[in-house]
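# Examination of the molecular architecture
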Amino acid sequence: MSVVMKNEKIAEEKAIDLMSELEYKPEYFMERGFSKKTIDEFGGGFYLPSDWVVHQRSLIPIHDRNNDLVGFLGRSIHPRDKWTGGFFPKKFRPEKGTGQWFTKWRSYPQRILGGSLRADLYNINRASRHIGESGSCVIVEGALDCWRVWETGVKNVVAAIGIRLSKDNARLLQDVGCKRLNIMLDGDAPGLRGAKAMSSKYESYFDEIKIIRIPDGKDPADLTKKQLRKIKRQLI
């Protein structure tokens, strides 16, 4: 069995038991401008020893609606290699044709990506009460986008972990009381296409849907407090 296959099998079978193996390393998130309070709130800043597939990644735990741990998102702590597009140490050279395996983000287990995290959305465990109280939800692409919006005081925010929303995801939002959906995906071409597709597909699920545009090429996680306050006033 290859190392990659072995590690993926480990991730599938043991993702729920990995918390005991984690170490507190919040540096990456602090460099992104997140406060210690935010990092502690979401449990980010963890990474695993080097014998696991998730080594050299800052990890973010993912919980379902009932606050049970269902997996992790892992962001490489290394910069992008301009030759291969992979994320790995500068002195490391992967085998030819394998650079793309070293992705910026990975999920554990793999089914978490692409809107297939059961019927759950990232941060639904915290946001569901706020969604029910306000009747409104803000949906973003990634976990760090969710953190940034949360920091502005918008607590009814969840992340799709991508640009797609599954029918189970949409039904979950209905179940927790969402009537108005604010779609705030990344400000690039895929994000805009995803927002339009999401709005069109689920217009019958909610009383109102609004696409929130952000500056071209930006992620919500990259926005300044001033920009976020301006966007906050646009939410329905």
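The coordinates are above.
A brief report on the enclosed structure follows.

About the criteria used
- Residues numbered from 1 in each chain as written.
- Predicted model: local features only at pLDDT ≥ 70, side-chain atom pairs only at ≥ 80, totals over all residues.
- Heavy atoms only, no water.
- Helix = DSSP H or I, 4+ residues; strand = E, 2+ residues; numbered from the N terminus.
- Buried < 20%, exposed > 50% of the residue type's maximum accessible area, 1.4 Å probe, protein only.
- Contact = heavy atoms within 4.5 Å.
- Areas by Shrake-Rupley, 256 points an atom, 1.4 Å probe, with all protein chains shown as cover.
- Pairing = 2+ DSSP bridges.
- Axes fitted to C-alpha atoms, helices over the stretch in contact; angles between N-to-C directions.
- Phe/Tyr/Trp six-rings, centres within 6.5 Å; stacked < 30°, edge-to-face > 60°.
- Lys NZ or Arg CZ within 6 Å of the ring centre and 35° of its normal.
- Salt bridge = Lys/Arg side-chain N within 4 Å of Asp/Glu carboxyl O.

### Side note on the overall build of the protein chain
If you tally the helices and strands in the protein chain, you get eight helices and nine strands. Counting the 236 residues in the protein chain, one finds 49% classified as buried. The long-range share in the protein chain, meaning contacts at least 24 apart out of those at least 6 apart in sequence, stands at 64%. Accessible surface computed for the protein chain: about 12,400 Å², of which carbon and sulfur atoms make up 50%.

### Description of the sheet that holds strand β7 (residues 157-159)
In sheet architecture, strand pairing relies on hydrogen bonds along the backbone and comes in two forms, parallel and antiparallel. Strand order in this open sheet of four strands is β7-β6-β8-β9, and the pairing throughout is parallel. Two strands in the sheet have a free side with no partner beyond their single neighbour: β7 and β9 (208-211). Strand-to-strand twist across the sheet, computed as the mean angle between neighbouring axes with direction ignored, equals 25°. The strands that helix α7 (residues 189-201) touches are β6 (136-140), β8 (180-183) and β9; relative to β9, the one it contacts most, it runs at about 170°.

### A short note on the packing of aromatic side chains
Within the structure shown, the criterion is met by eight aromatic pairs. A ring pair is formed by tyrosine 28 and phenylalanine 29, whose centres lie 5.3 Å apart and whose planes are at 70°; its orientation type is edge-to-face. Owing to a relative accessible area of 12%, tyrosine 28 belongs among the buried residues under this scheme. Here the aromatic rings of phenylalanine 34 and tryptophan 147 are separated by 5.2 Å at their centres, their planes lie at 80°, and the arrangement is edge-to-face. Of this pair, phenylalanine 34 sits in the loop between α2 (27-31) and α3 (36-42) while tryptophan 147 is found in helix α5 (residues 143-151), placing the two residues 113 residues apart along the sequence. Overall, phenylalanine 34 belongs to the buried group, its relative accessible area being 4%. A relative accessible area of 0% places tryptophan 147 in the buried class. One aromatic cluster in this structure is built from Tyr28, Phe29, Phe34, Phe42, Tyr122, Trp147 and Trp150. Over the face of the ring belonging to phenylalanine 34 we find arginine 148, whose NZ or CZ atom lies 3.9 Å from the ring centre.

### Considering the pattern of salt bridges
With the rule as written, the count across this model stands at six salt bridges. Between arginine 126 and glutamate 41 there is a salt bridge; the shortest N-O distance is 3.2 Å. A residue pair is termed long-range when its members are at least 10 positions apart, and arginine 126 in helix α4 (residues 124-134) and glutamate 41 in helix α3 qualify at 85 residues.

### Re the pairing of strand β3 (residues 57-63)
Of all seven residues that make up β3, seven are buried, and the element is covered over most of its length. A two-sided burial pattern is seen for β3, the buried positions comprising Arg57, Leu59, Pro61 and His63 on one face and Ser58, Ile60 and Ile62 on the other. With seven bridges connecting them, β3 and strand β4 (residues 69-76) associate as antiparallel partners. Bridge assignment links histidine 63 to a residue of β4, and that residue is leucine 69. From the end of β3 to the start of β4, which pair antiparallel, there are five residues, and asparagine 67 there has a positive phi angle of about 70°.

What is shown is where atoms sit, not what they do.
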